[in-house]
Amino acid sequence: MNKNFKKKYFIPALGCIVVIVGVVYYYFFSAFSTKHETEYVYIDNNDNIDSVYSKLEPFASKHGMCTFKTLARHFDYDKKIKTGRYAINSSDGALKVFRHMRNGLQTPVNLTIPSVRTMSKLADEVSKRLMIDSTELYKALTDEATCRKYGYDTATIACMFIPNTYDIYWNISINKFLERMQKESKKFWNIERMQKAKQLNLTPNQVITLASIIDEETANNAEKPMIAGMYYNRLMLRNAEYPQGMPLQADPTIKFAWKRFELKRIYNNLLHIQSPYNTYKHPGLPPGPIRIPSVAGIDAVLNRVHHDYLYMCAKEDFSGTHNFARTYDEHMKNAEKYSKALNKKGIK
């Protein structure tokens, strides 16, 4: 290659190539976002091409937005918009952002199933994290046919939800969501837990129902196996006085029956409510859990402390722990101390 040719053609051509490569890199591969942290874009069923642009523009660079719109026009993105939660990292280029959104390559949500008391509250909390309508989810959870599909009824469907954290796609359907929860429940009830439940002569649903009562009794995880042992003793007691078993007489079930969760004290006039959840009237467990219990509560039942206590009463020091008793007389002495402490503080 002679010097004149190199000067006249090669160097200018090389320069043009470098410029083209630079332009291509700038528009397609340089950072799309102007932010240093990861941004998330949520595309739902109501979005169109204009609303997608509106959701990107607050953090998109001018050149990144220009490239995205060019790609959208070329690939008819307006006709193929896919719902989802898309993560846009600070180093992602416009081409990568567009490819992920066009192909539906979304980032899952870390969904923690909350330990709540009602299915209405569960539906509300889930809808805050997923593209699921709370009303539609609540309808599914209170529909007998839907519950039977997953092996439960409307009283026990709460048993299917284990309060762990799961990676779930934001735009998951209600059916897929419930199928996932059923799968996670089966995984939770492994061989070890199933064997422990069998040794207690309890089904998983019964374990969860008992755990829900224990969780309402205390937030002290260390004491939960002790409380579980007391309620289990009542549940299994059979004698001349209690041929069908000793009633659990669990105050939290009264709150649930009345749907008055704010109650601090349970008076005698509240114990006459006609409800299958009234464990003062009906021996045995209620029809289903009174909340989604914690994993600690469930394992407390499976690993209950073996003792012969039949009664318990909150301690008068308001420590959140309990005094346990073997006899009713001993229990009444503990109850009197606690009642006096409540009166002293003016708690009604």
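Quick caveat, the model's predicted, so the values are computed rather than measured. (Residues numbered from 1 in each chain as written. Predicted model: local features only at pLDDT ≥ 70, side-chain atom pairs only at ≥ 80, totals over all residues. Heavy atoms only, no water.)

**Student:** Please clarify how the overall build of the chain should be interpreted in this entry.
**Tutor:** Counting its regular elements, the chain contains 14 helices and 6 strands. Taking 20 Å as the expected radius of gyration for a compact globule of 348 residues, we find that the chain reaches 30 Å, considerably beyond that expectation. Its C-alpha atoms give the chain principal-axis dimensions of about 115 × 45 × 40 Å. Across the 348 residues in the chain, those meeting the buried criterion constitute 44%. For the chain, long-range pairs separated by at least 24 residues make up 65% of all intrachain contacts whose partners lie at least 6 apart in sequence. One finds the centroid of the 50 positive side-chain charges in the chain at a distance of 7 Å from the centroid of its 34 negative side-chain charges. (Helix = DSSP H or I, 4+ residues; strand = E, 2+ residues; numbered from the N terminus. Rg over C-alpha atoms; globule rule 2.2 N^0.38 Å. Buried < 20%, exposed > 50% of the residue type's maximum accessible area, 1.4 Å probe, protein only. Contact = heavy atoms within 4.5 Å. Lys, Arg positive; Asp, Glu negative; His and termini not counted. Charge placed at Lys NZ, Arg CZ, Asp CG, Glu CD.)

**Student:** Whenever I open this one, the UniProt feature "site: Important for catalytic activity" (unreviewed entry) in the chain confuses me. Can you help?
**Tutor:** In the UniProt entry, the feature "site: Important for catalytic activity" (unreviewed entry) is given for Glu217. Turning to its location among the elements, Glu217 is positioned in helix H10 (residues 204-217). The contact partners of Glu217, leaving out residues within four places of it in the chain, are Ile227, Tyr231, Ala250, Asp251, Pro252, Met312 and His322. (UniProt positions renumbered as here; feature names shortened; annotations may be inferred.)

**Student:** How should the domain arrangement of the chain be read in this particular structure?
**Tutor:** Frequently, the measure chosen for interface size is the accessible area removed from exposure when the parts meet. The domain architecture assigned to the chain consists of domain 1 (30-46 + 55-61 + 70-107), domain 2 (109-188) and domain 3 (191-307). Placing the centre of domain 2 and that of domain 3 at their C-alpha centroids yields a distance of 23 Å. Contacts between domain 2 and domain 3 engage 18 residues on the former and 17 residues on the latter. Here domain 2 and domain 3 share an interface that buries about 1,500 Å² over both sides, 63% of which is from carbon and sulfur atoms. Remark: the boundary between domain 2 and domain 3 carries 1 salt bridge. The partner of Glu216 in a salt bridge is Arg117, with the nearest N and O atoms 2.9 Å apart. When the residues that make up the side of domain 2 that touches domain 3 are grouped by side-chain class, the tally is 13 nonpolar, 4 polar and 1 charged. (Domains from an automatic or database assignment. Buried area = accessible area lost by both parts, 1.4 Å probe. Salt bridge = Lys/Arg side-chain N within 4 Å of Asp/Glu carboxyl O. Nonpolar A, V, L, I, M, F, W, Y, C, P; charged D, E, K, R; others polar.)

**Student:** How should the packing of H10 against helix H12 (residues 251-258) be read in this particular structure?
**Tutor:** When two helices pack together, their arrangement is given by the angle between the helix axes and the distance between those axes. At a minimum axis separation of 8 Å, H10 and H12 run at an interaxial angle of 100°. Comparing their axes, H12 and H10 come out roughly perpendicular. Taking contact as the criterion, the partners of Ile213, Glu216 and Glu217 in H10 are, on H12, Asp251, Pro252 and Thr253. For the contact of H10 with H12, the residue count by class is 2 nonpolar, 1 polar and 3 charged. (Axes fitted to C-alpha atoms, helices over the stretch in contact; angles between N-to-C directions. Parallel < 35°, antiparallel > 145°, perpendicular 65-115°, else oblique.)

**Student:** Any chance you could explain the environment of Ala72 here in plain terms?
**Tutor:** Looking at where Ala72 falls in the secondary structure, it is placed in helix H3 (residues 62-74). For Ala72 and Arg102, which are 30 residues apart along the polypeptide, the C-alpha to C-alpha distance reads 8.6 Å. Ala72 has contacts with Ile49, Tyr53, Tyr77 and Phe98, leaving out every residue within four places of it along the chain.

**Student:** Help me understand the side chain of Ser33 in this model?
**Tutor:** With respect to the element layout, Ser33 can be found in the loop between helix H1 (3-29) and strand S1 (39-43). The buried category is assigned to Ser33, whose relative accessible area is 6%. Among the polar contacts made by the side chain of Ser33, one reaches the main-chain amide nitrogen of Lys35 at a distance of 3.0 Å. When residues no more than four places from it in sequence are discounted, the contact partners of Ser33 are Glu39, Phe59, Ile88, Asn89, Ser90 and Asp92. (Polar contact = N/O pair within 3.5 Å; in protein donor to acceptor, adjacent residues only side chain to side chain.)

**Student:** I keep staring at the environment of Tyr309 and nothing clicks. Help me out?
**Tutor:** For Tyr309, the location among the structural elements is in the loop between helix H13 (295-302) and strand S5 (311-314). Apart from residues lying up to four places away in sequence, Tyr309 is in contact with Met226, Met230, Asn233, Phe324, Ala325 and Arg326.

**Student:** What's the story with the packing of aromatic side chains in this structure? I'm lost.
**Tutor:** Remark: the centre distance and the inter-plane angle together describe each pair of aromatic rings, the angle taken between the planes. On inspection of all chains with the given rule, the structure shows 15 aromatic pairs. When the centroid spacing of 5.6 Å and the interplanar angle of 65° are considered together, the rings of Tyr77 and Phe98 count as edge-to-face. Of this pair, Tyr77 sits in the loop between H3 and strand S2 (84-88) while Phe98 is found in helix H4 (residues 94-103), placing the two residues 21 residues apart along the sequence. Exposure class is identical for Tyr77 and Phe98. Each is buried. Cluster of aromatic residues (ring-pair linked, three or more members): Phe32, Tyr53, Phe59, Phe68, Phe75, Tyr77 and Phe98. In this arrangement the basic side chain of Lys69 is found over the ring face of Tyr53, its NZ or CZ atom lying 5.1 Å from the centre. Between the NZ or CZ atom of Arg193 and the centre of the ring of Phe188, over which it lies, the distance is 3.8 Å. (Phe/Tyr/Trp six-rings, centres within 6.5 Å; stacked < 30°, edge-to-face > 60°. Lys NZ or Arg CZ within 6 Å of the ring centre and 35° of its normal.)

**Student:** Just checking my understanding: could you explain the nonpolar core for this structure?
**Tutor:** Nonpolar side chains in soluble globular proteins tend to be buried together. Membership of the largest hydrophobic core comes to 61 residues, with the highest contact counts inside it found for Phe161, Phe177, Leu178 and Tyr231. When residues are assigned to domains, this core turns out to be shared by domain 2 (109-188) and domain 3 (191-307), each giving three or more. In contact with Leu178, not counting residues within four places along its chain, are Leu137, Ala140, Leu141, Thr146, Tyr150, Met160 and Phe161. Among the nonpolar cores identified, the runner-up in size contains 20 residues, and Phe68, Ala72, Tyr86 and Met101 belong to it. (Core = buried A, V, L, I, M, F, W, Y, C linked by side-chain atoms within 4.5 Å.)

**Student:** Sorry, what's going on with the environment of Phe177 here?
**Tutor:** Within the element layout of this structure, Phe177 appears in helix H8 (residues 174-188). Spatially, the C-alpha atom of Phe177 lies 27 Å from that of Phe256, the residues being 79 residues apart in sequence. In this view, Phe177 contacts Leu111, Ile113, Val126, Leu130, Ile132, Leu137, Phe161, Ile168 and Ile172; residues no more than four positions away in its chain are not counted.

**Student:** Can you help me understand unusual backbone geometry in this one?
**Tutor:** A negative phi angle is the norm for most residues apart from glycine, just as the trans form is the norm for most peptide bonds. Positive phi values are uncommon outside glycine, yet Asn201 reaches one of about 65°. Summarising the element assignment, Asn201 is placed in the loop between helix H9 (191-199) and H10. For Asn201, a relative accessible area of 61% corresponds to the exposed category. One non-glycine residue, Lys259, lies in positive phi territory at about 55°.

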